[in-house]
Structures are given as C-alpha cells and as structure tokens.
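If you want the building blocks of each chain, they are given just below.
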Amino acid sequence: MFKQLLKFVTVKICVSSVNFYNSCLFQLVIFPVAMLFCLLPSLLFAQNVNIIPQPKSFINADGQFQLNGNSLIGMNDNSLLPQANYLQTELSKLNGPAIAVDQDETKAAIDLKLNGSASTDGSYQVKIQPQRIIITASGNEGIFYGIVSLLQIIRNQQAGQTLNLPCSTISDAPRYQWRGLMLDESRHFFGKKKVEQLLDWMAFYKLNKFHWHLTDANGWRLEIKKYPRLSSVGAIGNKTDTAAEAKFYTQDEIREIVAYAQDRFITVVPEIDMPGHASASNRAYPEFNGGSAPGYPNFTFDPSNQKVYPFLADILKETNTLFPAHMIHLGGDEVALGMQAWAGKPAIMDMMSKNNFTALSDLEHYFFRRMADTVISFGDKVLCWDEAAETDLPADKTIIFWWRQNVPASLHLALQKKYEVVLCPRLPMYLDFVQNKDHISGRKWKGDFSPVTDIYNFPDKQLPADELNSNLVLGVQANLWTELVGSEKRLEFMIFPRIAALAEAGWTDAAVKDEDSFNERLKLNFKLYDKENIYYYNPFDPAAHPEAIDFTPNLIKHEMPKTRHRHGRKVAAHHGRLGKPKVRHHAVAKRHKN
C-alpha cells in the first residue's frame, strides 16, 4: 500500500510541476495528495498494529498512556484475579515497571471488566486512553486475550520502568473456537520445561488447544499406575534409539502441565492411540498383542482377546482423571498397516463368524465403537482421525480430525454424517514437512511442502465454500510428528515461525487478513524470538538460520509399492504418518504421525 501511494504521489508531483504556477491545478491535485501522504503513517499504523493474530478492528487515537510503577491493575469481578496476576507476572518478565494488583477497581490504571454481554467466546475490547487502559469482555477468556494483545503492544516498546503506549481501541473476536497445535512425544521426548515454553508461545498467539500425542509405536509417555510396565518398559527407547532410557510424564507432572495450560486458557487433549500404533504397549504387556505384519511388528491390539477391552478401559479411566478436557483422542488411523496379522487367526475368524462380520474392517470398527463407548461413559467426547468417520459413532459425541488432504471424500463423509470436524490436512498443516524446497530433513508430498504462506492462507484457498462455511467445522490445527525431530533446536526450527501463521489462520477472518501486513508483523516478531533464543526459520532470509538437522537423511528415493492389504485398502491411502508416497529418509517410518 505504501509503495503504491508513494508512486501515485511521485507521478502527481511530476505532472503538476510542469504547470506549477497553475494554482487551480496545484490546489486540486497536489494539496489533497500531500494531505493523504501526511496521513499515511497513521493509516498504516491502524492497519499494521504489531499484534499476531491480526485483530478485527484497530482504531488509532490521540494521546498516550504512561505505564509506570504507580499504575495499578484492578477489576470489577474477583474471578479476574488470576488474569490480573498473569498480567503482573508477564510484565515483570519483560523488565518493565513493577505493577501491583488491587481489587479496588476505582484505583485501577489497567481496569479488567466483565460486561455480561452474550458475545463470542474469546472476544474482547482494549481501550488505551490517556488516563486508563480498559479491557472488557463477556468472560475471563476474553479478558485474557485482551491482556495478551496489550502485552504484545508492550513487548514492542523499549524496556524500562516507564512505558508510553499510544492510545487506541482494539475490538476483536476469534474466527474459530478450535485453534490447535499437536506435539508427538512418542517418537522423541522433550519434557515438561519445553512443553511449558511451547504453551507460553501458544498463549502469546491465542492458540487454545494442545493435542498431546503420548502413545505410539516408539514409546509410551504417560504413567498409568494400574499398569506400571507401560512406563517402566513401554517408555524405553525412541524413534532413533530403541535402547534409550525410559522417558515419560508422571501423573503429577501431567497435572502441573495441565494446570499451567489452563491458566493460559489452553485445553490439553490427550491421545491414547488404538487399535493400531500399539507397539510400545505391546512390549510392556505382550498378552494383548494383535500380532505382527511385515514392516509393522506388534502394531495392533488383539480385538479377539476379551481382556484387551477392560485393559484399555482402565487406561482411559486413569487418563480421564488427569485431563479435565472432557475429550480423549483415540487415534483410529492406519490400522490397515498391522491388520494383516489378524487374517487367518482362529480367534479372529471365530469372532468374525459370531458377529457376522464379512471383512476385517468390520472388526476394526467394532473395536473402535466399543472403546468409544467407554470414553462416552465418562461424559467425554471421542476424538479420532478421519478413518473413523467410516465407523458409526454418535455424531454429537464425536470430533473428526481430517488429515488426508488427498482423500477429500473423508471430509465429505464426516460432514455428511454430521460430525464436528477439525481441519488439519497434511498439506499444509503438518509441521514435519519441510518449509523450503532446498531443505533435506523432513517430508514432501509429490514435491510439495509446507511454507509459512500456505499455512497463513489455510483454509480459504484450499476448501470449497460450502465446507468452509459449515457450522460443523470447529477450526484448524497443525501437527508436528517427531520422527526426524530429536532436539529442541530442530523442534523450534520446525514450529517457528509457522506457529504465527497458524494463529492468524485460526483467529483472523478472511476479510481482515492481509499477508503483506502479516509478513511485516512477523519480521518484528523475529526480534522476540531472538530475545528468547528461539532457533527459527527465516523465510525472508533462509541463510540466516541454516536448517537444523538431527539425523542425517538418506537422499535415495524409493517409490511406495502400490499393493493392497487383504481387506482391500491401499497402503498409500493412509496417513502421511505412514502412508506417504515417497520415503526420503532412512530414519522415517511411513506414517501420518510420521
């Protein structure tokens, strides 16, 4: 916009100079354009306030508010005390003025106000006036997001005991109620400190769902007290070292992380994967093993073993007590990769005969419905990958995660069956995909990868309007599978700055989004990453931070065999976790979670 107006002004001045002494021309052309040029900085500031995600409305005003040690944080409702304390704590981290909290609202220089209106969850208004800052919302979540926006403005000021904040009014509300990020810690484990740092950045960008992939083939990362071998044996190893010491989260650590997330209005959603991706559990309790298939040893639970169901129900019961989300993700993907082991087993054949099942997929669906009923009995919702849309689960108790961008029919089916849906297709929402065509450690799909711009423009440039506008679409999520992510440095490199693009994709209405503005705000955020020693990819200067590589890739490409399993599904139709078309690295198993 600035360049276009500058060019317009330059042309007008050049043309006008030919007839400079013509006063009418000067008054009609030069003066209005010059006035526009003078107003341009304030117009640009209004459009490009340095907040990510971009607010719905930002109006600049005259004057400044001076924030100093004499300022007090107050509130009109005592329930806002945790949010006031959060603001106080975050200001202290920024080396800003030490500000006290006083529940007497009349003394407040920063006034937190619940207004009782019936507005969208998370909506808020921030008014920065010369004498007071007022943050208003209908609920505590909105107040929190107003605080986050204020903190983003403050973080871009010069640190000091006195801060001068330009007066303005921000009115804002989220586009989607599900703005999620998934971390796989089965393949490689990162620990409490790193997870809490990630939750801090999620809060900074107003993301509100942390999907925690805690169990899979490479490691079981959640303490279950009734079955201690899950952590003492199942937690041994990772994707690249099967003998690595057991690493997992104790139940006390889980509670602490969940509470930490709740303070930031982030819901933690656990995933206990079944009936596939069960190898770690089967190492610990082999009596529940469904057998091995070529390339996928001990991959599934045994659906014909009636003791499997109470075993998993006990696990889900303990999980439910640790996570107050009222949601448990059961996986349900890529079962076909291990299901070959079921075929021909006498107990399997007997069970299929007794239930009049005609295909192994019928048995898979039976298993999943039975475990879903267990979750529903807790009063929780069942979350699952899009393969489970083929299972007849109750629509009002189920959320489908659409991940197979190459199988749009799975999304159509989920919406047709009235399931709520979270959009997280491999492209562009899998953060294990490379960000640049020259990156070598990571995944591509037929040459395509996942740059910042594609995440920013999701979902509007990918989905048809009827699906995009469906009230069944809860929101968006990005997923990071960690086969090739073993260090904190690479973890950061794969998440940042794509997490900022994810934030704007999930929060900001398409009509308000402006990618040029986002890019300018993103560049300013790089300074914040630098202060926090975040190792991020810079899409504007790729050489600034070379690709962080944890495991040396094997650059020999192998075509995926186009064979079918006995139950009739193509391997390549499954997750990018396992079913990707090309394998680029010797260290990567073929998987959606991959």
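First, a word on scope: everything that follows refers to the structure included in this document. The structure presented is a predicted model; accordingly, all values stated were derived computationally and were not measured.

Focus on the overall build of the protein
Helix and strand counts for the protein come out as 19 helices and 17 strands. Every one of the 594 residues in the protein was classed for burial, and the buried ones make up 57%. For the protein, contacts bridging at least 24 residues in sequence account for 71% of all contacts bridging at least 6. Working note: accessible area of the protein is about 24000 Å², and carbon and sulfur atoms make up 53% of it.

Side note on the pairing of strand β10 (residues 267–274)
Most of β10 is tucked away: seven of the eight residues are buried. By the bridge criterion, five bridges tie strand β9 (residues 209–213) to β10 in an arrangement that is parallel. Across the sheet, residue Trp212 finds its bridge partner in β10, namely Pro270. As paired strands, β10 and strand β11 (residues 327–331) are joined by two bridges and run parallel to one another. Among the inter-strand pairings, Met274 is bridged to a residue of β11, identified as Gly331.

Things to note about the nonpolar core
The biggest cluster of nonpolar side chains holds 146 residues, and the ones touching the most others in it are Leu112, Tyr205, Phe210, Trp212, Leu330 and Tyr529. Top contributing element to this core by residue count: helix α4 (residues 140–155), with nine residues. Discounting chain neighbours no more than four positions away, the residues touching Phe210 are Leu181, Leu183, Val195, Leu198, Leu199, Met202, Ile266, Thr267, Val268 and Val269. Listed in part, the 18 residues of the second largest apolar core include Leu383, Trp385, Phe401 and Val422.

Some words on the pattern of salt bridges
A side chain with one charge may pair with a side chain of the opposite charge, provided their charged atoms come close. Applying the stated criterion to the full structure yields 28 salt bridges. The partner of Glu488 in a salt bridge is Lys194, and the shortest N-O contact between them spans 3.8 Å. Here Glu488 is found in helix α17 (residues 488–495), whereas its partner Lys194 is found in helix α5 (residues 192–204), with 294 residues between them in sequence. Since its relative accessible area comes to 41%, Glu488 is described here as partly exposed. Residue Lys194 is classed as buried on the basis of its relative accessible area of 7%. If you follow the salt bridges from partner to partner, you end up with Glu105, Asp111, Lys113 and Arg132 in one network.

Concerning the sheet that holds β11
The eight strands lie next to each other as β8-β9-β10-β11-β12-β13-β14-β15, forming a closed barrel whose pairing is parallel. Each strand axis lies, on average, 30° off the axis of its neighbour in the sheet, ignoring direction.

Section: unusual backbone geometry
In most cases, non-glycine residues show a negative phi, while peptide bonds are predominantly trans. Here the residue pair Ile52 and Pro53 is connected by a cis peptide bond, since its omega of 5° sits within 30 degrees of zero. Tracing the chain through its elements places Pro53 in the loop between α2 (23–47) and β1 (57–67). For the peptide bond that leads from Met274 to Pro275, omega is -10°, which places it in the cis range. Turning to its location among the elements, Pro275 is positioned in the loop between β10 and α8 (279–284). Positive phi, normally seen in glycine, also occurs at Phe265, with a value near 55°. Judged by relative accessible area, which is 23%, Phe265 ranks as partly exposed. With a phi angle near 55°, Glu334 is a residue other than glycine that sits in the positive phi range. The topology assignment puts Glu334 in the loop between β11 and α10 (336–339).

Examining the sheet that holds strand β2 (residues 72–75)
Hydrogen bonds between backbone atoms are what pair the strands of a sheet, whose relative direction is either parallel or antiparallel. The strand order across the open sheet built from seven strands is β1-β7-β5-β6-β4-β2-β3, with neighbouring strands paired in mixed fashion. Either end of the sheet is taken by a strand with one partner, and the two such strands are β1 and β3 (100–101). Against the sheet, α4 engages β1, β4 (110–114), β5 (124–128), β6 (133–137) and β7 (163–172), with an angle of about 145° to β6.

Reading the values: rules and limits
- Residues numbered from 1 in each chain as written.
- Predicted model: local features only at pLDDT ≥ 70, side-chain atom pairs only at ≥ 80, totals over all residues.
- Heavy atoms only, no water.
- Helix = DSSP H or I, 4+ residues; strand = E, 2+ residues; numbered from the N terminus.
- Buried < 20%, exposed > 50% of the residue type's maximum accessible area, 1.4 Å probe, protein only.
- Contact = heavy atoms within 4.5 Å.
- Areas by Shrake-Rupley, 256 points an atom, 1.4 Å probe, with all protein chains shown as cover.
- Pairing = 2+ DSSP bridges.
- Core = buried A, V, L, I, M, F, W, Y, C linked by side-chain atoms within 4.5 Å.
- Salt bridge = Lys/Arg side-chain N within 4 Å of Asp/Glu carboxyl O.
- Axes fitted to C-alpha atoms, helices over the stretch in contact; angles between N-to-C directions.

By themselves these figures say nothing about function.
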